[in-house]
Amino acid sequence: MTARIIVTGTDTGVGKTVFSAALASALGAIYWKPIQAGLLEETDRQTVLRLSGLSEERVLPEAYRLKTPASPHLAAEIDGITIDPDALVLPKTNRPLIVEGAGGLLVPLTREVAYIDVIGRWRAPVALCARTTLGTINHSLLSIEALRTRGIPLLGIVFIGDENAESERIIIEMGHARRLGRLPHLAPLTGDVLRAAFALHFNTGDFLKDSAG
């Protein structure tokens, strides 16, 4: 059985795409972002291709490419596209699979369905990316509670940003969650720098525990 990991964040712009690139590279995985909203700048798939070192065929095309940079439900409406949440099925692969969500857990895909509803159907563990800046405690604990309320397995918390020892500690303690590591801000952000930082701050074995399915 191969590992399947859903990478999501407590908010948009947390850094989950950069982390997904690092994780997919470290695991020799296949990466998939089902829904991309906003095509004017570098897409998340393109970012992962640039930073991960993975070949083109291991960075799967999106199921939905929405031009408008907005919540998927609104972007789809503006673009005249209908998102079918039931059509979002995890691809079968012979390698680990890293799936990146859009925004936070409760981002709406339609006016009736949120991303967390689809994640619940996938029945794969979640690596939750959290900022280390002010506000992260509340956002992280709410996200953890939302996952547990729906019976979605939480692999652990990935912190992104400068060290904030107390915020990280209280989230792990109150959330009864595993600390997977912290990815610091990187400059310059290149594939080599990212891979070195991941190797220094994370243990790949932690991502393989309880993630096979």
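Residues numbered from 1 in each chain as written. Predicted model: local features only at pLDDT ≥ 70, side-chain atom pairs only at ≥ 80, totals over all residues. Heavy atoms only, no water.

- The name given to the protein chain in an unreviewed UniProt entry is ATP-dependent dethiobiotin synthetase BioD, with the source organism recorded as Novosphingobium resinovorum.
- The heading Cofactor (unreviewed entry) in the UniProt record of the protein chain holds the text "Mg(2+)". (UniProt positions renumbered as here; feature names shortened; annotations may be inferred.)

**Considerations on unusual backbone geometry**
Right, so step 1: The omega angle of the peptide bond from Ala187 to Pro188 is 0°, so this bond is cis rather than trans.
Right, so step 2: Within the element layout of this structure, Pro188 appears in the loop between strand S8 (179-183) and helix H7 (191-201).
Right, so step 3: Notably, Arg123 is not glycine yet its phi reads approximately 55°, a positive angle.
Right, so step 4: Looking at the secondary structure, you find Arg123 in the loop between helix H4 (115-122) and strand S6 (126-131). (Helix = DSSP H or I, 4+ residues; strand = E, 2+ residues; numbered from the N terminus.)

**Things to note about the layout of surface pockets**
Right, so step 1: Put simply, the largest pocket is a space of about 500 Å³.
Right, so step 2: Surrounding the largest pocket, 25 residues form its lining, Thr12, Lys33, Gln36, Ala37 and Asp44 being those nearest its centre.
Right, so step 3: Sorting the residues of the lining of the largest pocket by element identifies helix H1 (16-27), strand S3 (35-37) and strand S5 (97-104) as the ones contributing at least two each.
Right, so step 4: A per-class count over the lining of the largest pocket returns 10 nonpolar, eight polar and seven charged. (1 Å grid on protein atoms, 1.4 Å probe; cavity = no way out; pocket = protein on both sides within 12 Å on 5 of 7 lines; lining within 4 Å. Points joined across faces, edges and corners; volume = space filled by probe spheres on them. Nonpolar A, V, L, I, M, F, W, Y, C, P; charged D, E, K, R; others polar.)

**Regarding the pattern of salt bridges**
Where charged atoms from two side chains of opposite charge approach closely, those side chains can pair.
Right, so step 1: The tally for this structure, following the rule as stated, stands at 12 salt bridges.
Right, so step 2: As a salt-bridge pair, Arg65 and Glu62 come within 3.4 Å of each other at their nearest N and O atoms.
Right, so step 3: Classification of Arg65 by relative accessible area gives partly exposed; the value is 43%.
Right, so step 4: Glu166 serves as the salt-bridge partner of Arg169, at 2.5 Å between the closest nitrogen and oxygen. Of this pair, Arg169 and Glu166 both sit in helix H6 (residues 165-175), separated by three residues, roughly a single helical turn.
Right, so step 5: The exposure class of Glu166 is partly exposed, given its relative accessible area of 44%. (Salt bridge = Lys/Arg side-chain N within 4 Å of Asp/Glu carboxyl O. Buried < 20%, exposed > 50% of the residue type's maximum accessible area, 1.4 Å probe, protein only.)

**A word on helix H5 (residues 136-149)**
Right, so step 1: In a regular helix each residue adds 1.5 Å, so 14 residues correspond to 20 Å; H5 covers 20 Å between its end C-alpha atoms and thus fits that length.
Right, so step 2: Among all positions in H5, only Thr136, Ser140, Ser143, Ile144, Ala146 and Leu147 are buried. One face of H5 carries all of its buried residues, which in axial projection span an arc of 160°. Of the residues in H5, the exposed ones pointing more than 90 degrees away from the buried face are Glu145 and Thr149. (Expected span 1.5 Å × (residues − 1). Arc of directions from axis to C-beta.)

**A word on the pairing of S8**
Right, so step 1: In terms of burial, S8 is largely enclosed, as four of its five residues are buried.
Right, so step 2: Strand direction decides the pairing type here: strand S7 (residues 154-160) and S8, joined by four bridges, are parallel. Opposite Ile160, over in S8, you have Leu183 as the bridge partner.
Right, so step 3: Once the chain exits S7 it traverses H6 before rejoining the sheet at S8, and the crossover so formed is right-handed. (Pairing = 2+ DSSP bridges. Right-handed = clockwise from strand over helix to strand, strands pointing away.)

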